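The lines below spell out each chain.
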Amino acid sequence: MADPILSPMSYRESPVEQLPADQLFQAELSDSRLSGELLTGAWQWHGELTYGRREQTLVLPTGVIELTLSGCTAQQGLLYVQLLDTDRQLRATLVLQKGEKQVSVSAMLSGTTRNGEQPAGTLPAGSWLVVVCHLEGETRSPHPQAFALQAQLTTQRIDMPVDTVMLTPPPGRGAAWYRGDLHAHTRLSDGHNSPQQAVAIAAAQQLDFLFLTEHNLCHPQLPASDRTLILPGIEITTSMGHFNVHGPATSLQLADRDLTSAALIAQGMDEVAGRDSHITINHPLMKPWHWHYDALDMRRVHALEVCCDPTWATSPAATEAALAVLNQAWQSGLRLTAVGGSDCHLTPDERNPQGTAPSTYGDPATWVFAQDLTQSAMLAGLRAGHVYIERHCALIFNFQPVSSLLAMQILPGMDVGAQVVTLTLHTAAPVHGWQLQLMADGDCIATLPLGAQAQTITLDLTRYSWLRCDIRDGEGAFAGLINPIYNGSHPRFRQPAPALCWGELLAASRIPSAVTAYETSYDV
């Protein structure tokens, strides 16, 4: 996404090439807040932060074409660093953790001179602001986090590989089902794969699209791919829960902002998410990362991530709890879409604790019916609920109206009215004893075997307000879900969605007893 607030920048994992001394401007700051001057030697800032924010200025001379900011933390955990220019516009965000990371901000070569103050193609001279934020400690015991930062300023352009925004996306198939992942991390935040490695893995997984959803960071330059459409996202990460904004309108601002969870959630919903964005609550019942901001108005949300990284030990129980909340949402008149997300942080040869299978992009796969393989079309399909999820069950299905007078294409998430429709489906991978569960108005009304032979099922939407298809393996584990079709003429959906907060929705949900035991025994 070409964020209007951010200028071109690149993420690099190898150390910046050392330039001759006469090609560098270097600055050093004292540790006092909002002070700085140009000195000989490297700009360095060593500090410690328990919770909240610290700031330092960095004075750029005239003629700087690139600024590289690098650093690390001393302990496990994340710190967020934002770099603001002389107009206090956000130019870069860097997520610090153990192991050095860096980000570079480059001037546009085609830039124009601003009021005669600086040469075209250079960064604005003057006082820039470096802001370090520690967001943990609001609701948990705070712990100090030590950090080290340094900056390098370049005044002569050198040839270095820089990823650019993909101008020619991979070819789509027009209106079709597209397979991808809505929740993925790289080394831009706390993932273990570089953006380039993520692209290669996504291509190997035959994903059509991949949203990069780094913690509190949306990078304006996305890696290119001729196989997978790489799309912008951001995971707003707070102590009260996480949510994804797919297709954000702007970046999260941490300088001179309230850093409480309530304020960050409000900023994410009100400012980061634009009119065409898609909002998903991530791993809503997976402790300790579960959603527990009870005051959230659920009308602001498009989807629940019901299946998140199924290789994580507590994911199965969290999925069952999320399905119960999803049932209650629909029973309450809230048409939330169920989505999946790998939440992948690991390389293909790594494993989660107690895990045997790899945690990888595209597991689970979220399929979206879109008019084409473009960002706008994908976001429109997501917002419409034209979505299903699957783990290795290779679903093939089709809805059709029974009445020949109602010729229409029926997709998940659609209002089909009070009519009878048929569902024809089978699996292209009949190896796990798949079962189809028909969920209607919150209850399972039928369980049927699902195999390679296509079967046709009649669905009577004159009797139910909504109907969803869940897929289970032979042992009853969640393996997929086709989002509901519904009867919009039912009283449940005749009126606008009710005002219902998360706390009320959760309290009303019928969470299975086995999941409740997991909930009460888990030590946060």
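Quick caveat, the model's predicted, so the values are computed rather than measured.

## Considerations on the overall build of the chain
Logical step 1: A count of helices and strands for the chain gives seven helices and 26 strands.
Logical step 2: In the chain, which comprises 524 residues, the share counted as buried stands at 58%.
Logical step 3: Of the contacts formed within the chain by residues at least 6 apart in sequence, a portion of 72% connects residues at least 24 apart.
Logical step 4: When the accessible area of the chain is evaluated, it comes to approximately 20,700 Å², of which 51% is carbon and sulfur surface.

## Some thoughts on the packing of aromatic side chains
The description of an aromatic ring pair uses the distance of the two centres, along with the angle that the planes make with each other.
Logical step 1: If you walk through the whole model with that rule in mind, you get 14 aromatic pairs.
Logical step 2: Ring geometry for W330 versus Y486: centroids 5.9 Å apart, planes at 65°, classification edge-to-face. Residue W330 is located in helix α3 (residues 315-331), and its partner Y486 is located in strand β26 (residues 478-486); the two are separated by 156 residues in the primary sequence. Exposure class is identical for W330 and Y486. Each is buried.
Logical step 3: Ring centres of Y486 and F493 lie 5.2 Å apart, and the angle between their planes is 65°; on these two criteria the pair is classed as edge-to-face.
Logical step 4: Taken together, the aromatic side chains of W177, W367, F369, Y388, F397 and F399 make up a single cluster linked through ring pairs.

## Regarding the layout of surface pockets
A probe as big as a water molecule, rolled over the atoms, marks out the empty space that is left.
Logical step 1: A volume near 1,000 Å³ is recorded for the largest pocket.
Logical step 2: Together, 33 residues line the largest pocket, and D190, H215, H242, W289 and H345 are the ones closest to its centre.
Logical step 3: Among the elements of the structure, β13 (229-238) and β14 (241-246) are those that each provide at least two residues to the lining of the largest pocket.
Logical step 4: Tallying contributions element by element places β13 first for the lining of the largest pocket, with three residues.

## Notes on helix α2 (residues 261-272)
Logical step 1: Listed in full, the buried residues belonging to α2 are S261, L264, I265, Q267, G268, M269 and V272.
Logical step 2: On the buried face of α2, the contacting elements are β13, β14 and β15 (278-281).

## Structural notes on the environment of L461
Logical step 1: Residue placement: L461 occurs in the loop between β24 (455-460) and β25 (466-472).
Logical step 2: Sequence separation of L461 and Q419 is 42 residues, and the distance between their C-alpha atoms is 5.3 Å.
Logical step 3: Contact partners of L461, with chain neighbours within four places excluded, come to V416, G417, A418, Q419, V421, W466, I485, Y486 and N487.

## Quick look at the nonpolar core
Logical step 1: Ranked by size, the top nonpolar core spans 56 residues in total, and within it M298, L304, V306, L326 and W502 carry the most contacts.
Logical step 2: Counting residues per element, this core draws most heavily on α3, at seven residues.
Logical step 3: Apart from the residues lying within four places of it in its own chain, the contact partners of W502 are I281, P284, L285, W291, H292, Y293, D294, L296, M298, L304 and V325.
Logical step 4: Counting residues in each nonpolar core, the second largest holds 31 residues, with A365, F369, Y464 and C469 among its members.

## Observations concerning the confidence of the model for the chain
Logical step 1: Of all residues in the chain, 84% attain a pLDDT of 70 or more, and the chain-wide mean is 86.
Logical step 2: Contacts of residues 109-118 to residues separated by more than four positions or lying in other chains number 14 contacts, the stretch itself having pLDDT below 50.
Logical step 3: pLDDT under 50 marks residues 158-167. Its contacts with residues more than four places away, or in other chains, come to 19 contacts.

## Comments concerning the sheet that holds strand β20 (residues 395-401)
Logical step 1: Taken in spatial order, the three strands of this open sheet run β20-β21-β24, and their pairing is antiparallel. Whereas interior strands pair on both sides, the edge strands pair on one side only; in this sheet they are β20 and β24. Looking at each pair of strands side by side, their axes are set apart by 25° on average, direction ignored.
Logical step 2: As paired strands, strand β21 (residues 420-427) and β24 are joined by six bridges and run antiparallel to one another.

What counts and what doesn't
- Residues numbered from 1 in each chain as written.
- Predicted model: local features only at pLDDT ≥ 70, side-chain atom pairs only at ≥ 80, totals over all residues.
- Heavy atoms only, no water.
- Helix = DSSP H or I, 4+ residues; strand = E, 2+ residues; numbered from the N terminus.
- Buried < 20%, exposed > 50% of the residue type's maximum accessible area, 1.4 Å probe, protein only.
- Contact = heavy atoms within 4.5 Å.
- Areas by Shrake-Rupley, 256 points an atom, 1.4 Å probe, with all protein chains shown as cover.
- Phe/Tyr/Trp six-rings, centres within 6.5 Å; stacked < 30°, edge-to-face > 60°.
- 1 Å grid on protein atoms, 1.4 Å probe; cavity = no way out; pocket = protein on both sides within 12 Å on 5 of 7 lines; lining within 4 Å.
- Points joined across faces, edges and corners; volume = space filled by probe spheres on them.
- Core = buried A, V, L, I, M, F, W, Y, C linked by side-chain atoms within 4.5 Å.
- pLDDT = per-residue confidence, 0-100.
- Pairing = 2+ DSSP bridges.
- Axes fitted to C-alpha atoms, helices over the stretch in contact; angles between N-to-C directions.

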